[in-house]
Amino acid sequence: MKKISAIIALLLITGNFIAQEKLTYQEPPKEILELVDAPLAPSVWIDSNGENVVLFYRDAYKSIAELSEPELRLGGLRINPKTNIGSRTTYYNTIKVKKATEKDARPIAGLPEDGRLSNFNISPNQKLIAFLNTTQNDVQLWFADIEKGTSKQLSTLKVNANMGNPINWFKDSSALLVNMIPNNRKELINTTEAVPEGPTVTVSDGEKAQNRTYQDLLSSPNDEYNFEQLALSEVKKITLDGTILNFLPPAMYDDIDFSPDGNYVMVNHLKRPFSYIVPYYRFPFESNIYNTEGKLIKKVNDVPLNEVEPKGFMATRIGKRSMNWRADKPATLYWAEALDNGDPEVKVAHRDAVYEMDAPFTSEAKLLLKTKNRYSRITWGNDKVAIASDYWWNDRNTKTYIFNPSNASETPKIIYDRNYQDSYSDPGNFVTTRNNFDERVLEIENGNAFLMGDGFSDKGQFPFIDELNLKTQKTKRIYQSKYTDKLEDLNSAISMKKGKILVRIESQNEYPNYYFRNIFKENDLTPITSFENPFKSIQNVHKEVITYKREDGLELEGTLYLPVGYNQEKKEKMPMILWAYPREFKDKASASQNTTNPNEFIYPYYGSPIYWVTQGYVVLDDAAFPIVGEGDAQPNDTFRKQLVANAKAAIDAVDEMGYIDRNRVGVGGHSYGAFMVANLLSHSNLFAAGIARSGAYNRTLTPFGFQSEERSYWDSPETYNTMSPFMHADKMKTPLLLIHGEADNNSGTYPLQSERYFNALKGLGATARLVLLPKESHGYSAKESVLHVLWEQDQWLETYVKNRDIKALNVSPEINK
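Residues numbered from 1 in each chain as written. Predicted model: local features only at pLDDT ≥ 70, side-chain atom pairs only at ≥ 80, totals over all residues. Heavy atoms only, no water.

Caption draft 1: A look at helix H6 (residues 639–656). Over its 18 residues, H6 extends 26 Å from the first C-alpha to the last, a length consistent with the 26 Å expected when each residue adds 1.5 Å. Within the sequence span of H6, burial applies to Phe639, Gln642, Leu643, Ala645, Asn646, Ala647, Ala649, Ala650, Ile651, Asp652, Ala653 and Val654. Looking at the residues trailing H6, positive phi occurs at Gly658, about 85 degrees. (Helix = DSSP H or I, 4+ residues; strand = E, 2+ residues; numbered from the N terminus. Expected span 1.5 Å × (residues − 1). Buried < 20%, exposed > 50% of the residue type's maximum accessible area, 1.4 Å probe, protein only.)

Structure representation (structure tokens):
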């Protein structure tokens, strides 16, 4: 009876006699609904001493009413012009605090009723939290005392949270710099009603500007005007007793950062001219240094409009970039500059150089080191030791250097030179500690630094801590997790000297919780949190990571779930859902590594296929879909062939285990995974149906590169045409459900992609359904939308996968209507 009901339901919404239907939001089966309604565990913050714990609570989803609030899309930003904060901001509603040694947390008193809390900023002394509360009309500044468990509003002035971080602590934790809306800010132009004064003209002067297909860009003089008004702030100093002092006059402030000693503040502000082809973060900007009274000390950077860069993923702009404060010095700036004019095609011994300049910023810049690849980051230690890293996308290489920041003539030593996709060789991340400036620096004990690693290997995942001798560069393992039935995540070090480490431990049915581990004592664990599993109905489903081989011998993996209550001895052949996302590699060895831990907690989320274990489906989630191109070959040269080979190998593997009916297998994916789905259905007969969410299907609409393809359409038109499902819509013979957010802001995945692809499929007689979600972006956040998506997917799977053997039902047109 359930089979017949499912097909009748789908026929009611897919009848060929209508092109569109007015459909209200629907809900999935109750078993799925109960999982969606499970409460969300809080986000956790623990201070560096391991004493205080703060828990931030929020709802799992927004409402469609929240998504329907006013929104302007300008320069790559999405802004609520009424409240002056990002229109897609994630809000929290409750904060609780406790000591790490206490079991129960207590709510912070005095929080605003029905609060929408965001932009949490912990004070340097780690005793206070500044945050914003968004009301119906504006954004307010609040702060909370962690020890006292109290909170209060700090100012009635309206905060401008449209861009950057609007609240920044003074280093002594006594006051804040806050971006406020200027009193003289002008009214916005209603662009839907404004009468044009002339055409919009964009000019190309002969320089190549090969940019990605960004969304939400400026497109008219009215957009420029509105962007500037919304970006304008005046910076105020607000003390904890509520005293308000002027600090900086109105400008388009993007970033504010105090020096480690607190005596200087670096402020970035945007300038005109704006651009219609790149987002705001590539607009012109200045970096200026001020003292703590707001007096200008020095302009340290002046960056022009960045519309034109050389071709390639490793291209960058010329001039100073990545400018920051040295964490181990009172007030020293450092930055990187390209030595190849930012052009990956230029052959040079070193790609980048890193320089520094001490306060008061009047001396010549001092060279620190040069990197062979594109500079990435530095972890500062002291006057004699720092760690730098670089990377190069084209060959996936990364190098790690140890260098003496006091002597540039001393050649940096490369301590790691590896493929960053090779998880088995990953040495881990350097452990840091807070110094006397309350900044994170390299933790050094008796000449040794420390690294925490994920610990993936061909035998499984066993996270570790290594001790690195800074002189000899030899390592010694001082801790390695021994769990084979749980997953231990090494979060941070409270004290390496004492061996006190903050860890998070979970299993398939045990919710992730935090503990202090003493690595110098066997099984010495102190619990900090005690969150319970909110997904009881699926806690006993069978889950395992399976490994199998592709026809060319490449080893693959996927996480297999069996339906609730499945009898493994009887082995009834069930329908299956395969969910995946393709990833590109430059070598087979990295592509074949097993980097999935079977002990990860079973956590269904809005986009997960795991829900369908409650509906009688086998689920193969996160199936490996590597696309490999070794040497001079590019992965996408054989994209389709490898894609189909990955899918066949996955189905063969589960079929050989005896769990599935291989004629009833559905495939799904989101974004690039949706692109994968459309290609698989067009170029194989492996699947009964497909679900493609928020994808791009015509690569000629992203002509200057996509995903990990850096060649342009004109460099390799055959690649773009071969990979585009739109170009092969005539081959589609398998039912395809297309879902897309109407407000998708992801580069390349315009809603137009799904609309045009559906039109092609419909015109060619394919079985397809297009669902456009009002107000939703690339990911879906309104509960109404999420529930409806789950309903759509369930109806599609029930009809075209589970009940594929039922050819048709004799249903009258009257019932269909």
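Further notes follow.
Caption draft 2: The side chain of Thr719, seen in detail. Mapped onto the elements, Thr719 comes out in helix H8 (residues 717–723). In this structure the side chain of Thr719 is engaged in a polar contact, spanning 2.5 Å, whose partner is the side chain of Ser716. (Polar contact = N/O pair within 3.5 Å; in protein donor to acceptor, adjacent residues only side chain to side chain.)

Caption draft 3: Layout of the pairing of strand S17 (residues 285–291). Counting buried residues in S17 gives seven out of seven residues, a clear majority hidden from the surface. Going residue by residue along S17, you find Phe285, Ser287, Ile289 and Asn291 tucked away on one face and Glu286, Asn288 and Tyr290 tucked away on the opposite face as well. As paired elements, S17 and strand S18 (residues 296–303) share six bridges and run antiparallel to each other. Bridged to Phe285 within S18 is Val303. Connecting S17 to the antiparallel partner S18 that follows it, the hairpin turn spans four residues, and Gly294 within it adopts a positive phi of roughly 90 degrees. (Pairing = 2+ DSSP bridges.)

Caption draft 4: Here's a closer look at the sheet that holds strand S26 (residues 413–419). The strand order across the open sheet formed by four strands is S23-S24-S25-S26, and the pairing between neighbours is antiparallel. Single-partner strands in this sheet number two, and they are strand S23 (374–380) and S26. Strand-to-strand, the axes of this sheet are offset by a mean angle of 20 degrees, without reference to chain direction. (Axes fitted to C-alpha atoms, helices over the stretch in contact; angles between N-to-C directions.)

Caption draft 5: View of the packing of H6 against helix H7 (residues 672–683). Between H6 and H7, the least distance of the axes is 10 Å, while the angle of their chain directions is 85 degrees. The pairing of H6 with H7 is recorded here as roughly perpendicular in orientation. Residues Phe639, Arg640, Leu643, Val644 and Ala647 of H6 lie in contact with H7, whose contacting residues are Tyr672, Phe675, Met676, Asn679, Leu680 and His683. Broken down by class, the residue content of the contact of H6 with H7 amounts to eight nonpolar, two polar and one charged. (Parallel < 35°, antiparallel > 145°, perpendicular 65-115°, else oblique. Contact = heavy atoms within 4.5 Å. Nonpolar A, V, L, I, M, F, W, Y, C, P; charged D, E, K, R; others polar.)

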